[in-house]
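# Structural overview for review
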Amino acid sequence: HLDMKTIKALDSKTDCFIVPLGVENHLERWNVKSDKIRNMAWWEEIDINALTIACAPARHYSGRYVLDSGNTLFASWILKDEYHQIFESGDSGFGGHFEDIHNRYGDFDFVMIDCAQYDMRWHTSHMFPEESVNACATLSAKLTMPVHWGAYSLSTHAWDDPPVRFLKSAEELEIAVVTPMLGETINIDTPEQ
């Protein structure tokens, strides 16, 4: 979620903002220098200090108001170095894009997956927990973490419904899950610690 206050607070600490197409317009309007911004379309990659960052598809929508719909691209992200490959889904509904991502990038060491704020009224843009787990299986995740739950309420489900359902479904498919406390650090090579 794009938050002006957060972007402004990060600006002096950040050398490069990497954003989906169209989001650069917001950052420039908030006085982020354009030479610090790299916008990306789906399947584009950038290498920074031995880290490859790839912009990948998601299934969502852009805009918060009637007149700004479709002005920016929604995306998921892949981070990879010589040791690990990580996927972050962004907000996304379930769809064939997960298979496309796996076909292009292969198995993932760690997957952070959208898992909350679901409702049949906007099913195409937010996955139900069982779909989130199916996306992790499609991506051949060695380890996964449900995200986007417990922070605010957009839907009518209980605040703990997402992780409870996610854990149950992941257990059935034998997918390893971590649910760290807010701010807690995990090592994806030794998650049992």
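We now turn to the structure provided with this report.

Scoring rules and cut-offs
- Residues numbered from 1 in each chain as written.
- Predicted model: local features only at pLDDT ≥ 70, side-chain atom pairs only at ≥ 80, totals over all residues.
- Heavy atoms only, no water.
- Pairing = 2+ DSSP bridges.
- Helix = DSSP H or I, 4+ residues; strand = E, 2+ residues; numbered from the N terminus.
- Axes fitted to C-alpha atoms, helices over the stretch in contact; angles between N-to-C directions.
- Buried < 20%, exposed > 50% of the residue type's maximum accessible area, 1.4 Å probe, protein only.
- Polar contact = N/O pair within 3.5 Å; in protein donor to acceptor, adjacent residues only side chain to side chain.
- Contact = heavy atoms within 4.5 Å.
- Parallel < 35°, antiparallel > 145°, perpendicular 65-115°, else oblique.
- Left-handed = near helix turned anticlockwise from the far one by under 90°.
- Nonpolar A, V, L, I, M, F, W, Y, C, P; charged D, E, K, R; others polar.

This next bit is on the sheet that holds strand β8 (residues 144-147). Reading across the sheet, the 6 strands line up as β3-β4-β5-β6-β7-β8 and stay open at both edges, with mixed pairing between neighbours. Every interior strand has two partners, whereas the edge strands, β3 (45-48) and β8, have only one. In this sheet, adjacent strand axes meet at a mean angle of 15° when their direction is disregarded. One ladder, built from 4 bridges, connects β3 with strand β4 (residues 51-56); its direction is antiparallel. Residue pairing across strands places isoleucine 46 opposite isoleucine 53, the latter belonging to β4.

What follows covers the side chain of threonine 52. As for its placement among the helices and strands, threonine 52 is situated in strand β4. Taking the relative accessible area as the measure of exposure, threonine 52 reaches 12% and is therefore buried. At a separation of 2.4 Å, a polar atom in the side chain of threonine 52 contacts the side chain of aspartate 47. In this structure, threonine 52 is in contact with Glu45, Ile46, Asp47, Ile78, Leu79 and Lys80, ignoring residues within four places of it in sequence.

Of all 6 residues in β4, 5 are buried; the element is thus mostly enclosed. In this antiparallel pair of consecutive strands, β3 and β4, the connection spans 2 residues, and asparagine 49 shows a positive phi of 50°. Taken together, the 5 bridges between β4 and strand β5 (residues 76-80) define a ladder with antiparallel strand orientation. Bridged to threonine 52 within β5 is lysine 80.

For any two helices packed against each other, the geometry is given by the interaxial angle and the distance between the axes. Close contact between helix α4 (residues 129-138) and helix α5 (residues 161-172) brings their axes to 8 Å; oriented N to C, the two are set at 45°. Between α4 and α5, the angle falls in the class oblique. For the pair α4 and α5, the sense of crossing is right-handed. Along the contact surface, α4 presents Pro129, Glu130, Ser132, Val133 and Cys136, while α5 presents Pro162, Arg165, Phe166, Ser169 and Ala170. A breakdown of the residues in the contact of α4 with α5 according to their chemical character gives 6 nonpolar, 2 polar and 2 charged.

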